Amino acid sequence: MLPNSLLQRMVKWCPWLLRDEPKQPVKVLVTGAAGQIGYAIVAMIARGQMLGPDQPVVLHMLDLPRMADALNGVRMELVDAALPLLRGRVLAAGVVATSDEAEAFKGVNFAVLIGGWPRKEGMERKDLIAKNVAIYRGQASALQQHAAPNCKVLVVANPANTNALVLKEFAPAIPAKNITCLTRLDHNRALGQISEKLGVHVGDVKNAVVWGNHSSTQFPDASHATVRNEQGEKPVRELVSDKTWLREEFVSVVQQRGAAVIKARKQSSSLSAASSACDHMRDWVLGTPKGTWVSMGVYSDGSYGVPKGIFYSFPVTCDKGEWSIVQGLQVDDFARSKMELSAKELEEEKAIADEFVSIERD
């Protein structure tokens, strides 16, 4: 007979051992799949980092026609990796690689939208929004027509919050609560900075908040974060003696981390973006640990005085596939001013997007 400790470890890492029937495969779409983030995330998904180690998946990968050869190369590598979670009823390899939106979106249960128009040197924000309004209006149509009715959507491509809003407006068949945007990367960056500052393991840090837009106006907030140490769970604001660091350096480092990565490696964040997208979807689907919240860009219901009608990053908990905004956190005047600044930027982006939608309609 196996020792209890060994049985417990087997159940933890191989939960399907307790099931009579294996789970049915789900379809996961990744757009921009031949790009750097796409290339990083597809293997993570196929290894169970997004939906769990017992969930088979069929990967639907979409990219532009000019990326067809690179996309096929990604497909070949997935086949060569012999990943056991990749399987489907029709496609034995469990991979679809295409430049056709209808084929890519067909029946998908989860969509990670990485593809978008990148910001180029000298490009104004208005021009970036205009380019992406057209792209995400088209993808909204594909979602509306071809995705599974309860498809869960994560927008990664920037401007992520406003791209999510365009999807919401033009894919009314998809519930607004099922459309989210990625601020988990900023959240994880905040946890990492606190971990380094205090010399603790990042797994012992929780409940930072990223409020607002996924842009330089975001507000990384450590005032509710805690750290677990030998004395128990302690508030970060009690453990960090340098209060200026919490309001200035911590905030600016997290806000500008993406630019710092580009400066260091001459390319944008790929590994960390892919990993945080997996974290976002995993917690949304499988639930957040009790007593822990994470940051997600969701459709505002007016909580904390944030205007309705925009996608805004809030602290959320997740249970049974649904997210809920954490209520009742104290917000001081400093935090309020930062939150309002980011909300103002999002309302400006919404107005710009509305302008281009009106132009297209005319």
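In the block above lies the structure referred to throughout.
For every chain, the first residue of the written sequence is number 1, and numbering continues from 1 onward in sequence order. Only residues with pLDDT of 70 or above have their local features reported here, since the model is predicted, and side-chain atom pairs are shown and tallied only from 80 upward, although totals for entire chains, interfaces and linings are computed over all residues. Excluding hydrogens and water, the side-chain values take into account all heavy atoms of the structure.

(A) Representation of the sheet that holds strand β7 (residues 205-206) in the model. Taken together, the 3 strands give an open sheet; going across it, the order is β7-β10-β11, and neighbouring strands pair in antiparallel fashion. Only two strands of the sheet have a single partner each, and these edge strands are β7 and β11 (232-235). The pairing of strand β10 (residues 226-229) with β11 spans 4 bridges and is classified as antiparallel. Note that in β11 the partner of R228 across the bridge is E233. Strand pairing requires that DSSP identify at least two bridges connecting the strands. Runs of E in the DSSP output that reach at least two residues are strands. Runs of H or I that reach at least four are helices, and both are numbered from the N terminus.

(B) Quick peek at the pattern of salt bridges. When a carboxyl oxygen of Asp or Glu is within 4 Å of a side-chain nitrogen of Lys or Arg, the pair counts as a salt bridge. Applying the stated rule across the entire model yields 11 salt bridges. A salt bridge links K350 to D354; the nearest nitrogen and oxygen atoms lie 3.4 Å apart. Of the two residues, K350 and D354 both sit in helix α12 (residues 333-361), 4 residues apart, roughly one turn of that helix. You can call K350 partly exposed: its relative accessible area is 27%. The buried label applies to any residue whose accessible area, calculated with a 1.4 Å probe on protein chains only, is under 20% of its type's maximum; exposed applies above 50%, and partly exposed to all values in between.

(C) Here's a closer look at the packing of helix α7 (residues 184-198) against helix α11 (residues 271-286). With their axes 8 Å apart at the nearest point, α7 and α11 run at an angle of 105° to one another. Classified by the angle between their axes, α7 and α11 sit roughly perpendicular to one another. Contacts between α7 and α11 involve R184, L185 and N188 on the former and, on the latter, S272, A273, S276, D279, H280 and D283. Residues were grouped as follows: Ala, Val, Leu, Ile, Met, Phe, Trp, Tyr, Cys and Pro as nonpolar; Asp, Glu, Lys and Arg as charged; and all remaining residues, including Gly, as polar. Here the residues of the contact of α7 with α11 sort into 2 nonpolar, 4 polar and 3 charged. Here an axis means a line fitted to C-alpha atoms, over the contact stretch when the element is a helix, while the angle between two N-to-C directions is reported on a 0 to 180 degree scale. An angle below 35 degrees is treated as roughly parallel, one above 145 as roughly antiparallel, one from 65 to 115 as roughly perpendicular, and anything else as oblique. Throughout, a residue-residue contact means that at least one pair of heavy atoms, one from each residue, lies within 4.5 Å.

As far as function goes, none of this settles anything; it's purely spatial.
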